[in-house]
Every structure is written in structure tokens, then in C-alpha cells.
Amino acid sequence: MSTITPTADSLAGHGDHAHGHHDIGFIRKYVFSTDHKIIGIQFLFTTLLMLMFGGFLALGVRWQLAFPWETMPIFGQFFAAQGGQVSPEFYTMLFTMHATVMIFLVIIPVLAGAFGNFLIPLMIGADDMAFPVLNMLSYWFMWPAIMCFGASFFLNEGFGPNAGPAAGWTSYPLLSALVEAAPGSGTAQFWWLMGVTLVGVSSMMGSVNYMTTIINMRAPGMTLFRMPLTIWAMFITAILQAFALPVLTAAGFMLMADRLLGTCFFIPAGIVVNNAAPTVGGGQPLLWQHLFWFYSHPAVYIMLLPAMGMVSDMLACMSRKPIFGYKPMVYSLAAIAGLGFIVWGHHMFTSGMNPALGMTFMVSTIMIALPSAVKVFNWIGTMWGGRLVFNTVMLNSVGFVSMFIVGGLSGIFMAAVPVDIYIHDTYFIVAHFHYVLFGATLFGVFAGITFWFPKMFGRMMNEPIGQLHFLLTFIGFNGTFFPMHLLGIAGMPRRYADPYLHPYLEHLLPMNQFMTISAILMGFAQFLLLGNLAYSIFFGPKCGRNPWEANGLEWVAPSPPGHGNFETVPVCYRGPYEYSAPGRDEDFWLQTEPPGPRPETPGQAAAASS
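The model shown is predicted, which means the values in this text are computed figures rather than measured ones.

## Digging into the packing of helix α10 (residues 305–319) against helix α11 (residues 326–340)
- Orientation of α10 relative to α11, taken along the N-to-C sense of each, is 170°, at an axis distance of 11 Å. Accordingly, the angle class assigned to the pair α10 and α11 is roughly antiparallel. Along its contact with α10, which presents Leu305, Met308 and Ser312, the element α11 presents Met329, Leu333, Ile336 and Ala337.
- For the contact of α10 with α11, a count of residues per class yields six nonpolar, one polar and no charged.

## Here's the deal with the pattern of salt bridges
- Counted according to the given criterion, the structure contains eight salt bridges.
- We note a salt bridge from Arg495 to Asp425, for which the minimum N-O separation is 3.8 Å. You can see Arg495 sitting in the loop between α17 (463–489) and α18 (509–539) and its partner Asp425 sitting in the loop between α15 (417–423) and α16 (427–457), a full 70 residues away along the chain.
- Its relative accessible area of 43% is what places Arg495 among the partly exposed residues.
- The structure contains a network of salt bridges with shared partners spanning Arg320, Arg387 and Asp587.

## Some points on the packing of aromatic side chains
- Following the criterion strictly, the structure yields 48 aromatic pairs and no others.
- Centroid distance Phe26 to Tyr30: 5.2 Å. Interplanar angle 45°. Geometry classified as tilted. Taken together, the residues Phe26 and Tyr30, both in helix α2 (residues 26–31) and four residues apart, mark about one turn of the helix.
- Residue classification places Phe26 among the exposed residues on the basis of a relative accessible area of 59%.
- For Tyr30, a relative accessible area of 39% puts it in the partly exposed group.
- With a centroid separation of 5.7 Å and 15° between ring planes, the pair formed by Phe451 and Trp548 is classed as stacked. In this pair, Phe451 is assigned in helix α16 and Trp548 in the loop between α18 and α19 (602–609), connecting sequence segments 97 residues apart. For the residue pair Phe451 and Trp548, the accessibility class agrees, reading buried in each case.
- An aromatic cluster of at least three residues, connected via ring pairs, comprises Phe104, Trp169, Trp192, Phe265, Phe266, Trp288, Phe292, Trp293 and Phe433.

## Comments concerning the nonpolar core
- By size, the foremost hydrophobic cluster in this structure holds 181 residues, and its most contacted members are Phe115, Leu305, Met308, Trp379, Phe400, Phe451 and Trp452.
- Element by element, the count of residues in this core is highest for helix α4 (residues 88–124), at 26 residues.

## Thoughts on unusual backbone geometry
- The linkage connecting Pro173 with the following residue, Leu174, adopts the cis geometry, with an omega of 15°.
- Of note, Leu174 is situated in the loop between α6 (142–154) and α7 (187–216).
- Omega for the bond connecting Ser559 with Pro560 falls within 30 degrees of zero, at -5°, which places this linkage in the cis form.
- Although it is not a glycine, Trp69 adopts a positive phi angle of roughly 65°.
- Residue position: Trp69 is located in the loop between α3 (36–66) and α4.
- The phi torsion at Ser580 lies on the positive side, around 55°, for a residue other than glycine.
- For Ser580, the position within the fold is in the loop between α18 and α19.

## Describing α10
- For α10, with 15 residues, the first-to-last C-alpha span of 21 Å sits near the 21 Å given by 1.5 Å per residue.
- Of all the 15 residues making up α10, 15 are buried; the element is thus mostly covered by neighbouring parts of the structure.
- Arg320, located one to two residues past α10, shows a positive phi value of around 55°.

## Some words on a nonpolar patch on the surface
- Taken together, the side chains of Ile380, Ile405, Leu409, Ile412, Phe413 and Val419 make up a nonpolar region of the molecular surface, amounting to roughly 480 Å² of accessible area.
- Among the elements that make up the nonpolar patch, the one with the highest residue count is helix α14 (residues 392–415) (four residues).
- By the element assignment, Ile405 lies in helix α14.
- Its relative accessible area of 31% is what places Ile405 among the partly exposed residues.

## Some remarks on the environment of Phe95
- If you trace the backbone, Phe95 turns up in helix α4.
- Phe95 sits 33 residues away from Arg62 along the chain, and the two C-alpha atoms are 9.7 Å apart.
- Leaving out residues up to four positions away in the same chain, Phe95 has contacts with Val61, Gly168 and Arg495.

## Digging into helix α9 (residues 285–302)
- Across its 18 residues, α9 extends 26 Å between first and last C-alpha, which sits within 8% of the 26 Å expected from 1.5 Å per residue.
- At Trp293, α9 shows its strongest bend, of approximately 30°.
- For α9, the buried fraction is high: 13 of the 18 residues fall into the buried class.

Rules and cut-offs
- Residues numbered from 1 in each chain as written.
- Predicted model: local features only at pLDDT ≥ 70, side-chain atom pairs only at ≥ 80, totals over all residues.
- Heavy atoms only, no water.
- Axes fitted to C-alpha atoms, helices over the stretch in contact; angles between N-to-C directions.
- Helix = DSSP H or I, 4+ residues; strand = E, 2+ residues; numbered from the N terminus.
- Parallel < 35°, antiparallel > 145°, perpendicular 65-115°, else oblique.
- Contact = heavy atoms within 4.5 Å.
- Nonpolar A, V, L, I, M, F, W, Y, C, P; charged D, E, K, R; others polar.
- Salt bridge = Lys/Arg side-chain N within 4 Å of Asp/Glu carboxyl O.
- Buried < 20%, exposed > 50% of the residue type's maximum accessible area, 1.4 Å probe, protein only.
- Phe/Tyr/Trp six-rings, centres within 6.5 Å; stacked < 30°, edge-to-face > 60°.
- Core = buried A, V, L, I, M, F, W, Y, C linked by side-chain atoms within 4.5 Å.
- Expected span 1.5 Å × (residues − 1).
- Patch = residues over 30% accessible without salt bridge, like charges linked within 9 Å, V, L, I, M, F, W, Y side chains within 5 Å.
- Areas by Shrake-Rupley, 256 points an atom, 1.4 Å probe, with all protein chains shown as cover.
- Bend = angle between axes of the 7 residues up to and from the residue.

Structure, rendered in C-alpha cells:
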């Protein structure tokens, strides 16, 4: 694939996008900015805020499971009418909105929105995204979505026991299609659907931009197989979004039509709910499940692949070794994404599926273990024999790999139909989901924040605080989620506000209390991250362009880069993983450093790359 050939003028300074000196106001520069770096940082701060809110909702869930029907400390005063307790209806709202916030407002936008925006142009040597205005809109379409989700708390019956949607983040009909089905199925569910639709629009804007930028705006010499794995992962993620997201958006419109226009895509005939008149129609609730999971299983990889690419880059740097098996890593990323489109049915094994079809989905799901195992093997191979730097970046990266191994192995159990039928509605699923998407992904995010923070702000984060944050989060996370495997094996169901009504689950209460204490520890540990971020932005030690002695193009730019990123168009001579190359005094080798003597002018650099 071709790359852009620079003109002499552009080599001298990116034309209108030259570094530095743009006389624009504060609002234009930092609020409605079209600079990919500012947009990336906006996504980062917004998603961290949402992370704390989503975590707060999770603690509400954990409180009820550990201390059922006891008054919630501090926040119980908001539910004085019910004695400060979490009612069953409020409990279903809590886990619905916790999952919604974490998936749609944290994990997806922090990886694709924050890191994708900040890193893609810098790592491929471009001055910005292909469509800067569209890029700005992709961020600002998130806020109407946040407001819609927020409105769902208050526009139902006011904030209280019946506030918010309560059909789960999957929003299965009929709970989500019939307004009389449950307290949260009315206005709140409508605003939930509006929020998901707007998040989808935001993601699609980013997806188009990322694909166009990566294909058309790579620096001279940046061939496809010289791209960092972070860029490969972002590219494949953008393709996943482009092909899977329209299905969910269409399904959302169909569900809204069922609710507002009297259509019956998902509503069967003759259903009586809460003494309302029988439904008229001939729809099928299972159709929603097919459409929803056709998007939402690839969405699992949208929430994971960027972190895989980022961790690959960070592990190579902190191991001071080339990445082990670069091309197999690329092919396995593509294979995971491709297989992700044909396995959605494993979420529906308990829906009465034809055994032959179930077998097909089972085999295709198990096959995902192969490219996943390739990646794990290559990460370990990269570290093996390296000169490991055990700093915050490395610790969180290793945390990502280890949590992904645990979550991946438990996923193999659920791929098997007979096992899944037993554990599908138990806490085993919750454990698997959180190990993959919370443990793995967020440790990758924490590593990425620490690694690219110097490039974002020109300062280093506090290392001891970073390591303490990792340690407390790692302990709290495993204390919270590993026992969920045991709960699941014991048969504890999901979504029950009080599972101890069943005598065979009473002995699980102490374990749930231990998990809740661990979750509180993990939640408070995140204030260390926020404090470290806030302090380091203003008072962290200043750094140069390349504090980690890494190889990628982003480390050639100033820290932080000005408008246009690079003083001159960078020229790429090799891949980004040439660490500890024989015959060199330094153990890193920038992608822009020519094999021979360093060129003195941009024209010589271009000639050397041709």
C-alpha cells in the first residue's frame, strides 16, 4: 500500500500545520478543539470521570449483596422513604446502569476515543486526523449520550426506588419493549435507547476517521508492516466498529418503533403483562438477541484489541527486546476480530437453540482460543530473557497479561454448550466478563496512561504512587472477582437482589462480604490514580522527547507536541521494535534514524527513504 510522498515544502514544516504558533482562543483551542491530541485528552478525562461514577454504582450492587436490606451508609439518606435500603427495583437499575456506563462511556471511549485519538497521528507520522471537524464531533456527540443516560435516572418517576432503566445492559424485550413491563421500562428505557444510539454515532465518526487516517496519512517509509501493533489494533477495531455497529443502531431504532409507533418486531402476540391488554403482533424477542449480540460480541474485542496493541508496544519497550513474532501478532489480531463476527450465538445457548447450530457456535468460539494463545505466548516470549524494567508501566502490562489469561481460560469453559447451560446465569459469567474487560483492559489503560503521559503533558507521573495504585488495585480486583468463580460454581444466580432467600446460598454471604470489602479497597485506590494525574500535570518532573528511550515516531515529537505534531515530516526507516540491536551503543533505535549517517536536511532525509 502506498504512503504519502512529501513535497519539499511539506518536509520543511507541514505547511499550515507548522509546529507551534496558532493564534486561537481558549474555547477553540481547548473546548471545541479539532486537534487530535486535545480531543484525546478530553476523551481521557471524561472517561475517567465516568469510571468513578460507574464504580460507585457497582459499590451499590456490592453493598446489597454483602449487607442485604441494611441501610446504606452516607447515600442511604437519598432513599429515606425505603429506610435507606436498596429495593429490588433499585438493585436492577444499579447493575443495569453500572454495565451501561462502564461499557459505553468508559471502556470503549477510553481505548478508541482517548488513546486512538492521541496516538494514531503521532505514531504514523501525521499532523492530525484526516477529518478534524468530524473528530471533534465524535467527542461532543458523547455528551448528549451522557445526558440521555443521566435523564433516564430522573425522567421516569424522579430519582428514587423506581429510577432508571432496569432491563440490564442487554435490554432484552419484553422488559425493554413494553412500557408496562417493569418500573424501569417506561420513560427511562426510552432515554437509555437514545443514549446508546448517540454513543453509536460518536463511535462511527471515530471509526471512519481512524481508517481513513491510517490508510492515507502515514509518513514516508511507514509501510503497513512497520506500523506499531497499537496502530494495527486501532485499525482492526475501527473496522469492527464500522461493520458491527450499524446492526445495533438499526436494532435500537426497531425497538423504539415497537415502543412508540406500535410496530411489533420484538413483541409476540397475546402477551399479558401486569394486567395490561394482550399484545397484538407477531414479533420475536429472540430477534433482538441475535441483533444485539451480533454487535456486542465484536464489541468485546472493540474493548480489548486496542489494549492488546498498546501492551505489546509497552512490553517490548520495558523488556528492551523486539516484540516476539510481530507478524503472527498482527495476524492473530485480525483472526480474533474475524472470528468475533461468527460467534455471537454462544450468548444464546440457553435460548433453545438447535443443537447443530449450537455445536457450530461452540466450535467457532473455541477456535478464538488459538489466536488468543498466540498473543499470550508472544507477550511472554517478548519478556523472556529481556532486561525487564519493573516500573508502573511494566507492572500494569504484566497485570493485563495475567488477568487476560485468567479471563481467557474461563471463557473456554463457557464456549462448551453443556458447561455454559449450567453456569450461564451464575456469577461465573460475571467473573469471566470482569477479568477480560475490567482486569485486562483497565490494567492496559493504566499502563498506557503512565507510558504516554509524558507525551501528553511533558511531565512524568509519580512512580511510587503509580506502583502503590497498581498494588492496591491488583489486590482489590482479585479479591473482588476471583471468588465470583466459586459463587458461580456453587450456583449463585446473577441479578438477584437477595439470593439468600434460597437456603442453599446462605453460606455464601461471608464470601460476598469479603468481596465487597475488596471492591471498596479497589475503588478508593483509584483516587491515587486521579491524584497522581492531577498533581503530575502541574508539578511532575519535566521530561524530554523520549523519556522511555522508545523507538516509535511519537517519541520524535516534542513533549507535548505542538499543533501539527512534528517540526518536519518524519521519515520511517524500520519497524518500531529494534531494541538492543547488535553493534549499537544505545539499546533503542528510533524509526526515524537512518541506517547511515544522520541526514542534515529534510530533503536528504526524503532522498534516503526513497
